[in-house]
Each structure stands twice: as structure tokens, then as C-alpha cells.
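# Overview (structure and organization)
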Amino acid sequence: MKSGLVSVEGKVAFVSGSNRGIGKAVTLALLERGAKKVYAGARNPTSLNSLKACYGDRLVAVELDVTRDESIAEAARLAGDCEILINNAGIFSVGNFLSGNLLESLNTNLEVNLWGLVKLTAAFLPNLRKQKSAAIACVSSIIGLASMPMGLTYCVSKAAVHSTIQGLRGELKDSNILVSGVYPGPIETDMTKDLQMDKDSPENVARYIIDGLESGLEDIFPDAMSSEMGKLYADSPKELEKQFSGF
Ligand SMILES: NC(=O)c1ccc[n+]([C@@H]2O[C@H](COP(=O)([O-])OP(=O)(O)OC[C@H]3O[C@@H](n4cnc5c(N)ncnc54)[C@H](OP(=O)(O)O)[C@@H]3O)[C@@H](O)[C@H]2O)c1
């Protein structure tokens, strides 16, 4: 079987970190674009009450903390019919070599952004492999492709996610599963509330992610800044490194 285009219409999806920001926008977009059911993963499922009131049984709130193995195992068990996994949950702990919290911050970012994503993917994979066609979208970042010194430890975690995406895609290349990497630039969410720069909307990101899956895109640059920087990266990774090194 070969992975390819994955239409959302009539499909069952799971979104981690679905209660706010990009994850909430993706959850809403999946429902609006005809997904049969969306399992909405959240550390606090009651934070999904208002979404649940709008979408009824098509939205299933699932307790998920990606740092807790039991929580991951139970989510994977509950969502055994999932066909599209959106690995979105993430944090941004600021840290670098000069910040005085290098190791602590690296550990915090890796625990959620890398280990959480890897463990969730591994838990869902056996059932995804049983589907006719399936997709795994993993949210890295444009700064997972070239590091920004002010957020070095976050960049390291997102670079590791990028490498995970590539390796997983290679492992699954002859399978039923499309593996897409998502590389956003600055997006207007709680994560970037202290960042003074132009930001795109989570709704645009959600639209690009779903369009990307539906057209079988492996690398999704879902906003204005990342689509420009993605082209630069394709032409010259070194030039992107130079541009980001000033931040
Ligand atoms: N915003 C940007 O500019 C930007 C750019 C590039 C990439 N990204 C990536 O996009 C993804 C979504 O970010 P966002 O901007 O939407 O951030 P956000 O608004 O801060 O939302 C983060 C989401 O992740 C969840 N989360 C955090 N730790 C978790 C854990 N241990 N287990 C399960 N869920 C957890 C949060 O749940 P709680 O509500 O319980 O905390 C929340 O739902 C992240 O992977 C982020 O790194 C964001």
C-alpha cells in the first residue's frame, strides 16, 4: 500500500493540545471540513466544553498529558479508530547557553515537544497501520530548520521533531500512512503573546495543514513567514541560519 492524499471528509482524527491555539483551530477546521469524528486531546478536558456543546458526538474530549505514559496509552486505546493523528501539543521554555537554565529548559522542551510526540505516535501507530489510508502530521517549527539563539533549547526540540518526521516517513514509505511535517513561523497564540512581530492566524495554519494533507504534501509551511523562509531554506540552509542567528 502507498501513502498519498488523505481527504478529511468522513475521517476520524485525533488532535493533541486541542483546547487552544493552533490545536483548537485545527480541531474546528477538521469538523468544519467534514471529519466524521475528532478526538480532542487536552490536559483538562473540561476546557473543551464549549466546543463539545457546538459539535455534540462528533467531538470526543480525551484527557491527554503527553508527559504521562498512562495518559498516552489510554488515549490511544480510546481512539483506536483514528485515521489522522495531529501531533500539535507543545511548549516553549526559553533557554540557551547564556541564560543560566540551559539543561532545565532543554529537558522541559524535549519532554513535551519530542518525547511526548514520539510516545504518542508510537502508541497510535499500530492502529493507524490497520486503516485503509491514514496520516500523521507533526508540528515542528520553522526554527526547527535553523536555530534562533534566544530560543535555542526549543529549537533543538523542534529540530529533533523534524528528524523524527523524516525518519518516520522513511520507515513508512511503502505503507498506507502519509507523514507530513508542519513548520509554522510566528502565529498569534498564547505561546507568542510576548513576541512583538507580525504573526499569522491559527485559522490560516489549520487551513494549510488540512489542504496539505488533502494534497499529500510532506512539508507544510502554513503561513506567510514560513512559506518565504521555507523557500530560502530550500535554496540555502546556510542563509537561513545566518538570518535566524541574529535573534
Ligand atoms: N505559535 C507559534 O508561533 C508557533 C510557531 C511554530 C510552531 N508552533 C508549535 O505549534 C504547536 C501549538 O502551539 P500554539 O502556538 O498553539 O501554543 P499554545 O497556544 O501555547 O497551545 C499549546 C497547546 O499544547 C498543550 N500542551 C502543552 N503541554 C502539554 C502536555 N504536556 N500534554 C498535552 N498537551 C500539552 C496546551 O495545553 P494546556 O492548555 O493544558 O496548556 C495547549 O493546548 C506547538 O507544538 C508549538 O511548538 C507554534
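Residues numbered from 1 in each chain as written. Predicted model: local features only at pLDDT ≥ 70, side-chain atom pairs only at ≥ 80, totals over all residues. Heavy atoms only, no water.

## Topic: the overall build of the chain
Looking only at helices and strands, the chain has eight helices and seven strands in total. Relative to the globule expectation of 18 Å for 247 residues, the C-alpha radius of gyration of the chain, 17 Å, shows essentially globular dimensions. For the C-alpha atoms alone, the extent of the chain along its principal axes is close to 50 × 35 × 30 Å. Look at the contacts in the chain between residues 6 or more apart in sequence, and 68% of them connect residues 24 or more apart. (Helix = DSSP H or I, 4+ residues; strand = E, 2+ residues; numbered from the N terminus. Rg over C-alpha atoms; globule rule 2.2 N^0.38 Å. Contact = heavy atoms within 4.5 Å.)

## Points about the nonpolar core
Formed by 41 residues in total, the largest nonpolar core has its most connected members in Phe14, Phe124, Leu128, Ile136, Ile177 and Phe244. Taken together, the elements giving at least two residues each to this core come down to strand 1 (12–15), helix 3 (69–78), helix 4 (102–128), strand 5 (134–139), helix 5 (152–171), strand 6 (177–182), helix 7 (224–235) and helix 8 (237–244). A per-element tally of this core places helix 4 first, with eight residues. If near-sequence neighbours (up to four positions away) are discounted, isoleucine 136 is found in contact with Leu85, Asn87, Thr121, Leu125, Leu128, Leu168, Leu172, Ile177, Leu178, Val179 and Ser180. Residues Ala40, Ile86, Ala137 and Val139 belong to the second largest nonpolar core, which totals 32 residues. (Core = buried A, V, L, I, M, F, W, Y, C linked by side-chain atoms within 4.5 Å. Buried < 20%, exposed > 50% of the residue type's maximum accessible area, 1.4 Å probe, protein only.)

## Section: the site of the ligand
If you check the shell around the ligand, you find 28 residues, and the closest are Asn19, Arg20, Arg43, Tyr154 and Thr189. At 3.0 Å, a side-chain N or O of aspartate 65 approaches a nitrogen atom of the ligand. Within the contact set of the ligand, an oxygen atom lies 2.8 Å away from a backbone nitrogen or oxygen of isoleucine 187. Summarising the interface, the protein chains cover 93% of the accessible area of the ligand, which totals 900 Å² for the free molecule. When residues of the shell around the ligand are traced back to their parent elements, those giving at least two are helix 1 (21–32) and helix 5. Its residues placed into classes, the shell around the ligand shows twelve nonpolar, eleven polar and five charged. (Near = heavy atom within 4 Å. Polar contact = N/O pair within 3.5 Å; in protein donor to acceptor, adjacent residues only side chain to side chain. Areas by Shrake-Rupley, 256 points an atom, 1.4 Å probe, with all protein chains shown as cover. Nonpolar A, V, L, I, M, F, W, Y, C, P; charged D, E, K, R; others polar.)

## Focus: the pattern of salt bridges
This model, assessed by the stated rule, comprises 13 salt bridges. Among the ionic pairs, glutamate 70 bridges to arginine 68, the shortest N-O distance being 3.0 Å. Its relative accessible area of 31% is what places arginine 68 among the partly exposed residues. Residues glutamate 218 and arginine 169 are paired through a salt bridge, measuring 3.6 Å at the closest nitrogen-oxygen approach. Note that glutamate 218 is positioned in the loop between helix 6 (202–214) and strand 7 (219–220) and arginine 169 in helix 5, a separation of 49 residues in sequence. A relative accessible area of 38% means that glutamate 218 is categorised as partly exposed. Given the relative accessible area of 14%, arginine 169 is considered buried. Sharing partners across several salt bridges, the network here consists of Arg33, Asp211 and Glu214. (Salt bridge = Lys/Arg side-chain N within 4 Å of Asp/Glu carboxyl O.)

## Concerning the pairing of strand 3 (residues 59–63)
When a strand is regular, its side chains alternate between the sheet's two faces. Of the pairings in the sheet, the one linking strand 2 (residues 37–42) to strand 3 comprises five bridges and is parallel in character. Within the sheet, the bridge partner assigned to valine 38 lies in strand 3 and is leucine 59. What joins strand 2 to strand 3 is helix 2 (residues 49–55), and the crossover it makes is right-handed. (Pairing = 2+ DSSP bridges. Right-handed = clockwise from strand over helix to strand, strands pointing away.)

## Regarding the side chain of serine 175
With respect to the helices and strands, serine 175 occurs in the loop between helix 5 and strand 6. Reaching out from serine 175, the side chain makes a polar contact with the backbone oxygen of leucine 172 at a distance of 2.8 Å. Polar side-chain contacts of serine 175 include one of 3.0 Å to the backbone nitrogen of isoleucine 177.

## A look at the environment of asparagine 44
Here asparagine 44 is to be found in the loop between strand 2 and helix 2. At a separation of 2.6 Å, a polar atom in the side chain of asparagine 44 contacts the side chain of threonine 46.

Remember that the coordinates give geometry; whether it matters functionally is a separate question.
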